[in-house]
Amino acid sequence: MRFALFPGCTISDRLPFIEKSIRMIAPHFNIELIDLPFTCCPEPNSVRSFSDKTWLTMGARNLALAEEAGVNIMTACAGCFESLSMSKHVLDSKPSEKEEVNKVLKKIGKEYKGQVEVRHIQQVLYEDIGIEEIQRNVQYPINYRAVIHPGCHTLRPQKILNLDDAEAPMKLDELVRAIGMESLDYMDKVMCCGAGVRGINREIAFGVLREKMDSMMMVDPEVAVVFCPTCFISFEAGQKVVNRMFDKKYNLPVYYYTEILAAAMGLEGVESILSEHRVKFSALGMLVAKNEPEIENATPH
Amino acid sequence: MTTSDSVSDAGTGVEPKVEAAESEIRIGVFPCKCGKNIGAVVDIDTVAEYAKTLPGVVHVQVNTYTCADPGQKEIQEAIREHNLNRIIVASCSPTMHEDTFRKTVKGAGLNPYLCIMANIREHVSWVHQQDPEGATTKAKELVAMAVAKATSLVPQPELDVPVTPSALVVGAGVAGMQASLDLADMGYKVYLIEKEPTIGGIMAILDKVFPQNDCSICILGPKMVDVIQHPNIKVISMAEVDEVSGYVGNFSVRVRQRARYVDPDACTACAECIEVCPVDIPSRVDQNLTWKKAIYIPFPQAVPSSYVIDPEACLGMDLLRCGKCYEKCEQHAVIPEDEDKIIEFEVGVIIIATGFEPADPKKIPRLGWGRYPNVITSLEFERLINAAGPTEGKLVRPSDITKPKSVAIVQCVGSRDIHTRMGCSNFCCAESVKCALLIKEHYPETEVVIYYQDLRMHGKYFEDQYHKAREEGIKFIRGRVGEIQEYPHTKNLRISVEDTTHNELLLVDFDMVILSMGAEGVAGNVPLPISVTQDKFYIESHPKLRPVDTSSAGVFICGGAESPKDIRDSVIQASAAAGRASIILQRGRYPIEALSARIQQDICSRCGTCVKRCPYGAIIQDGTGRYTVMGALCQACGTCAGDCPKDAIVMPNFTNEQIFAQIETALKENPEEKIVAFACAFCSYRGSDLAGVSRMQYPTNARVIRAMCSGRYSVKFAQRAFELGAGSVLYSGCHLPADCHFQTGNHWMAKREPRIRNWMKRKGINDERFRIEWVSAGEGKKWQQIMTDMSEIAMKHADEIRKKRTAKSKGKTKGGKQAKSKRSPKTQGTKKGKKKTTKTKRKKED
Amino acid sequence: MERTTDADRINEIQHSAQPCFQCGICAASCPIFRVAPDFNPRMAVDEVLRTGTVAMTGREWFCAYCLMCEERCPMEVALSEILIDIKNLSANDGKVPPSIIEMMDVIRFTGKVSHASKRTEKKRRELGLPELPKPDVDEVQTIFEMTGALDRLMRFREAEVEPE
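As the structure is a prediction and not an experimental result, all values here were calculated from the model. (Residues numbered from 1 in each chain as written. Chains lettered and ligands numbered in written order. Predicted model: local features only at pLDDT ≥ 70, side-chain atom pairs only at ≥ 80, totals over all residues. Heavy atoms only, no water.)

S.K.: How do you make sense of the packing of aromatic side chains when you look at a structure like this?
M.R.: To describe a pair of aromatic rings, one takes the distance between the centres and the angle between the planes. Residues and elements named next belong to chain B. The final tally for this structure, using the stated rule, is 17 aromatic pairs over all chains. Note on Y191 and F345: the rings are 3.8 Å apart at their centroids and 10° apart in plane angle, and the pair reads as stacked. Residue Y191 is located in strand 7 (residues 189–193), and its partner F345 is located in strand 17 (residues 341–347); the two are separated by 154 residues in the primary sequence. We note that Y191, like F345, is buried. (Phe/Tyr/Trp six-rings, centres within 6.5 Å; stacked < 30°, edge-to-face > 60°. Helix = DSSP H or I, 4+ residues; strand = E, 2+ residues; numbered from the N terminus. Buried < 20%, exposed > 50% of the residue type's maximum accessible area, 1.4 Å probe, protein only.)

Next comes the structure, spelled out in structure tokens:
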């Protein structure tokens, strides 16, 4: 499998350790990644709201780059996934829009033809590689109680993205179960983390996050697992803001799925990733660094 | 017409034989003055004199009121005296009096289908009041067109078929039961087919029924017994219809009955078998809230009152594998070797009462049914509150078997949503109020809130129930529930809803939520060619005037199979269907459409296109590969003939030959100025009549050719008209999508448009000269507008032709006067029309 | 490349709002409405239906574009798209929250929303991550010019300068 990795600005420039975890696990599943001079996807809410034509054309440029290189795109960020998928949907379903966009692309020597596919890394892991293969690669099952947050932009609009059930998603649950975790069902599982309005109105954004995390905390989780860097920042950095703003005492470690997968696979260098986290989960660090024999006892294979 | 026309079929002699035309054609023409209605505008004597000159016409007689008794007598006398064998009455619209005059000629011993009309009132005198000269010319030409058509008319046999005095009723819910009882009480044999092991349908599993909230099974139970004990009703349970062949009055039905493994006549329902049966399976009747055995009776009042074995759950009725029930049953009612049976019988009529399925809550995941145990459907609630249900009537939460202190009822579930069903279920509002009242009745201290979008308490006594509910303290909040979430530890539920009257978000906690479910259609489950809506309900013949008839003669629909409805409406409709069906049964014979299609076997290439066009399933392929028309099913729309690539289908009284004769006659004089307009009998022609009745004036150059349905208009008609130089051609039909009297004829006509336009393009014919329009019987104004517009188009074309001719003759003789004088002013329209034409001409010259 | 005028866009909004029958499922599903009672997606559509115009109150920018409303709408009204359209109208009017202007400026000059700081670059090196190929900023400039983003940025600057 060969993909152009679309890490997205948030991962590549703010959370490079997440990118690291993706590049760490990729070879183990025969995923070959290439890098292309992508711009921002662009961000699906603000940029599209500011100028939907700019949004569509920049998206088309990114798609055209992958098309030129003859590879499909694998996104690591839910926002990029939604943005590029929606651009592709608009371009493929409205020939007049495609024509307009290609007029602009022609100026920069590019053309969008409509041959490229946009995948999210969750789809690649779940659909192409499969739960069984992931389980086979798990060396040190991590048996913690997790709440998962799939992220708005992996789920909706369901009929375009087609990644999981938008109301009752189960695929990320299956993925975390594959590495030994218990996935806790909780209220407001498909609710937004509030990141979309963080730049517009902090009270609203963190108010939404408070609602979401209150629901999460009801089931007493040990970790949260996400598949979107924006949601990651929301939960990881945002919980401290919520604690200040609303007098809460959240202390919930947050992981991007491939980080915790890399840990469960026992890959070298995982410590350097996990040390970047602001909310530390000491048990996990210990687990990876030292307690290998105990784990071996726990797993027959 | 040739003698090789296919005759009969399905071994019945239903398709009538066609008589060959007599050798000598003797036409009588009867121009009518209609008092001053026609006489004041059209010079009837000129028309009469002209008619005498037409080929085949041997007698012409003017009358002031042809439709009055003396006028009719004159026609009859003339037929006898002059030995007339074709009659043309030139008077009003055939819609008005065709039947009258057909009866008249029949009275004189002539086949009624040898009489046709020329419409010189609605199409001439009433719409060309300012142009008597033009009107007279048009009347003359309309008579000539009728004469041309009459020449090839042939007698059509008036046949009928015998009717088997029995009925098939499919589905034994409350509607099917009612229809069966009605027909059986009238003395007809009824075969009542039910797919479940018991009759009774959804009503049998309800606890109480609104608006009186009486016990459902208490009122239905006795009716179920009436059905099974009625000497004229044969109940066939656990059965489905496999095949239906034949036609109205003569349906052959094949039913497949699944093995019951218990002899219903021997079983006494003593219940000893269930004590020994080791298998537990979820109980469907109890909405899977409890268990039943592999040998079971659906509910105590089931009819037939007999146990049944679920073969998929049963371990084996032989003693080796299990056989405990077989051993235990003292009546020897268990039959391990029971098999599926095929039952065949003949019926005259069919009533479909297959009902609906409750909507599927799994399709609305945001409401959490299936994930959260305390979210239940209204049917689950019915079983929980029912004394014979799994909890013996105690309302409890499935998660912990405790009594809920607060209950929310959520409406419109599975209804009014593109993702499930767009329509309203018609019963979920009343159902919600009933559930709420039942809870209050049993547990007055419970807090009950109904979340509704629009409260539709439309039925008799419904509003009283609503008032009662308010008095009982049941809360009503307007807003549709967005989602339901479950508290992880308590399993309580949180509802998100916007109170839309206060623009306020409510996050409210409840112990239990009831989803008020809508309905899902299941139509299409009976092998009959009856159209089905997108949401799978059977389509009626006419939503207002023929609500229980279908497009297939002799087949009727009622109850939930037609649309979601409550018990009262189902019963009303069932009796209506039985009443309609009994008309056919009581007459004993069913008349066949005399003008039904005939396939000429020596021309037919057996492409099968006609089968796809026929909305009635009237064309079948017999064992030898021949396509034949079942006369009793054909409604004579002619859509098959319209698309027959070989012109092998003859539509009596609307044959290609006759229509071509009309076109040719219409275009004999000044074709370039004429509009050849095709109008369907049920909408467009009536629309043109309305223009007449309303005295809406338009130019005189239209020549209307009537057909039963726009589906009849072949591509060739327009082509022939253009080849003969017609100024413009109109194909007019009933409005798309659903107005067509013959279901789909207008759709098939519309599909021919590209072929006509492409042909025109190849021939260099200006695109605007052909038009397809949809004119209803109420659109006289639209007809007037179309006639005026198309007249202008024709006149513009005529001007172009003239200019070309002038140019040519100028080149030859250096003078265009001759050519110009050729133009007939008589075909000019009203003054207005005239002016317009001149204007157009001037523009061109500029 | 101003394909649609504002009038066209308003027409489109009206057209797509028409099937709405005011059931409130969108509002009941909106995470923003849950904490900000001022922002009701149903009322945004209702306003269009009721007045025939699009009011730009600034609250349209509160939409987090989580698409919950659109996913659940029983009439398939594209609420998120409607809000995107309303925001585009606001943007064309120069009414844009400053954070978005900042973001657009960063994209305009770097092609990315969050340009890599020295610290991140160092971190990437430490983690052994490859240097990512940089997008051609001239291309981004061209797109900004030709698709109207630049105009809108300029209009915002003008609106900013104007004394209130």
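What follows picks up the thread again.
S.K.: Could you clarify how one ought to interpret the environment of B:C273 in this entry?
M.R.: Residue and element names in this part refer to chain B. As for its position among the elements, C273 is in helix 9 (residues 272–276). For the pair C273 and V334, spaced 61 residues apart in the sequence, the C-alpha separation amounts to 9.5 Å. Residues within four places of C273 in sequence aside, it is in contact with I295, Y307 and C325. (Contact = heavy atoms within 4.5 Å.)

S.K.: Looking at this structure, I do not really get the nonpolar core. What am I missing?
M.R.: The nonpolar side chains of a soluble globular protein tend to be buried, and buried together. All names here are of chain B. Counting 177 residues, the largest nonpolar core has I87, F678, V729 and Y731 as its most contacted members. When residues in this core are grouped by element, the largest group, nine residues, is from helix 6 (residues 132–150). With near-sequence residues (within four places) excluded, I87 lies in contact with G28, F30, I75, I79, V105, L110, L114, C115 and I116. (Core = buried A, V, L, I, M, F, W, Y, C linked by side-chain atoms within 4.5 Å.)

S.K.: For this particular structure, what's the right way to read the side chain of B:S415?
M.R.: All names here are of chain B. Position of S415 relative to the elements: it lies in the loop between strand 21 (406–413) and helix 12 (428–442). Judged by relative accessible area, S415 falls into the buried class, the value being 2%. Once you skip the residues sitting within four places of it in the chain, S415 turns out to touch T420, R421, G423, C424, S425, R480 and G518.

S.K.: When you look at the interface of chain A and chain C in this model, what are you seeing that I'm missing?
M.R.: Interface size, as often reported, equals the accessible area lost upon joining of the parts. Across the contact, 67 residues belong to chain A and 63 residues belong to chain C. Interface of chain A and chain C: buried area, both sides summed, is about 5700 Å²; carbon and sulfur atoms make up 64% of it. Summed over the shared surface of chain A and chain C, the result is ten salt bridges. A:E211 is paired through a salt bridge with C:R34; the nearest N and O atoms lie 2.9 Å apart. Our count for the contact surface shared by chain A and chain C stands at 28 residue pairs in polar contact (both at pLDDT 80 or more). (Buried area = accessible area lost by both parts, 1.4 Å probe. Salt bridge = Lys/Arg side-chain N within 4 Å of Asp/Glu carboxyl O. Polar contact = N/O pair within 3.5 Å; in protein donor to acceptor, adjacent residues only side chain to side chain.)

S.K.: What's the story with the domain arrangement of chain B in this structure? I'm lost.
M.R.: When cut into domains, chain B gives domain 1 (19–155), domain 2 (166–257 + 350–355 + 525–589), domain 3 (272–336), domain 4 (362–520), domain 5 (592–648) and domain 6 (654–846). A straight line from the C-alpha centre of domain 4 of chain B to that of domain 5 of chain B covers 53 Å. (Domains from an automatic or database assignment.)

S.K.: Sorry if this is basic, but what is going on with helix 17 (residues 656–666) of chain B here?
M.R.: Think of an α-helix as turning once every 3.6 residues; residues three or four places apart then point the same way. Residue and element names in this part refer to chain B. Among the eleven residues in helix 17, nine count as buried, and that is most of the element. By the burial criterion, the buried members of helix 17 are N656, Q658, I659, F660, A661, Q662, I663, T665 and A666. Close packing links the buried residues of helix 17 with helix 6, strand 35 (675–680), strand 36 (702–707) and helix 19 (715–723).

S.K.: Before we go on, may I ask you to explain the state of the cysteines in this structure?
M.R.: Two cysteines form a disulfide when their sulfur atoms are joined by a covalent bond. Counting across every chain of the model gives one disulfide over all chains. Sulfur-sulfur distance for the disulfide between B:C215 and B:C218 comes to 2.2 Å. Here the disulfide of B:C215 and B:C218 is right-handed, its torsion about the S-S bond being about 80°. Judged by relative accessible area, which is 23%, B:C215 ranks as partly exposed. In this structure A:C9 is not part of a disulfide, and its nearest cysteine sulfur, from A:C40, lies 4.1 Å away. B:C32 provides the cysteine sulfur closest to B:C67, a residue in no disulfide bond, and the two sulfurs are 6.3 Å apart. Overall, the relative accessible area of 33% leaves B:C67 in the partly exposed class. (Disulfide = S-S within 2.5 Å.)

S.K.: Got a minute to help me understand the pairing of strand 12 (residues 250–257) of chain B in this structure?
M.R.: Remember that side chains alternate between the two faces of the sheet whenever the strand is regular. Residue and element names in this part refer to chain B. Where strand 11 (residues 239–247) meets strand 12, eight bridges bridge the pair, whose relative direction is antiparallel. Each residue of the ladder has a partner; that of E243, found in strand 12, is R254. Inspection of the sheet shows strand 12 paired to strand 17 by seven bridges, in the antiparallel sense. Looking at strand 17, one finds that V253 is bridged to F345. (Pairing = 2+ DSSP bridges.)

S.K.: Explain a positive patch on the surface to me, please; I cannot follow it from the model alone.
M.R.: Taken together, the side chains of A:R14, A:K240, A:R278, A:K280 and C:R119 define a basic patch exposed on the protein surface. For A:R14, the location among the structural elements is in helix 1 (residues 9–14). Judged by its relative accessible area of 47%, A:R14 is partly exposed. (Patch = residues over 30% accessible without salt bridge, like charges linked within 9 Å, V, L, I, M, F, W, Y side chains within 5 Å. Areas by Shrake-Rupley, 256 points an atom, 1.4 Å probe, with all protein chains shown as cover. Lys, Arg positive; Asp, Glu negative; His and termini not counted. Charge placed at Lys NZ, Arg CZ, Asp CG, Glu CD.)

S.K.: Is there a simple way to explain the pattern of salt bridges in this structure?
M.R.: Working definition: two side chains of opposite charge can pair if their charged atoms are close together. Residue and element names in this part refer to chain B. Under the criterion given, the structure shown has 81 salt bridges over all chains. For E98, the salt bridge identified is with R102, shortest N-O distance 3.6 Å. One end of the pair is E98 and the other is R102, both in helix 4 (residues 94–107) and four residues apart, which spans about a single turn. Both residues of the pair, E98 and R102, belong to the buried class. D417 is the partner of R366 in a salt bridge, and the nearest nitrogen-oxygen pair spans 4.0 Å. Here R366 is found in the loop between strand 19 (356–358) and strand 20 (375–377), whereas its partner D417 is found in the loop between strand 21 and helix 12, with 51 residues between them in sequence. When sorted by exposure, R366 lands in the same class as D417, which is buried.

S.K.: Quick question: what am I supposed to make of the domain arrangement of chain C here?
M.R.: According to the domain assignment, chain C consists of domain 1 (6–92) and domain 2 (98–161). The straight-line distance from the C-alpha centre of domain 1 of chain C to that of domain 2 of chain C is 29 Å.

S.K.: Where do I start with the sheet that holds strand 21 of chain B in this structure?
M.R.: Either a parallel or an antiparallel arrangement is found when strands of a sheet pair, and the pairing is made through backbone hydrogen bonds. Residue and element names in this part refer to chain B. Read from one edge of the open sheet, five strands run 20-27-21-22-23, paired in parallel fashion. Of all the strands in the sheet, just strand 20 and strand 23 (475–478) have a single pairing partner and so form its edges. In this sheet, adjacent strand axes meet at a mean angle of 25° when their direction is disregarded. Together, strand 20 and strand 27 (512–517) form the strand contacts of helix 11 (residues 378–385), whose direction differs from that of strand 20 by roughly 90°. (Axes fitted to C-alpha atoms, helices over the stretch in contact; angles between N-to-C directions.)

S.K.: Can you walk me through helix 8 (residues 216–229) of chain B in this structure?
M.R.: Residues and elements named next belong to chain B. The end-to-end C-alpha separation of helix 8 is 20 Å, in line with the 20 Å expected for 14 residues at 1.5 Å each. Regarding helix 8, the residues found buried are S216, I217, L220, G221, M224 and V227. Down the axis, helix 8 shows its buried residues gathered within 125° of arc, on one side only. Where helix 8 is buried, its residues contact helix 7 (174–185), strand 7, strand 8 (208–209), strand 9 (214–215) and strand 10 (233–236). (Expected span 1.5 Å × (residues − 1). Arc of directions from axis to C-beta.)

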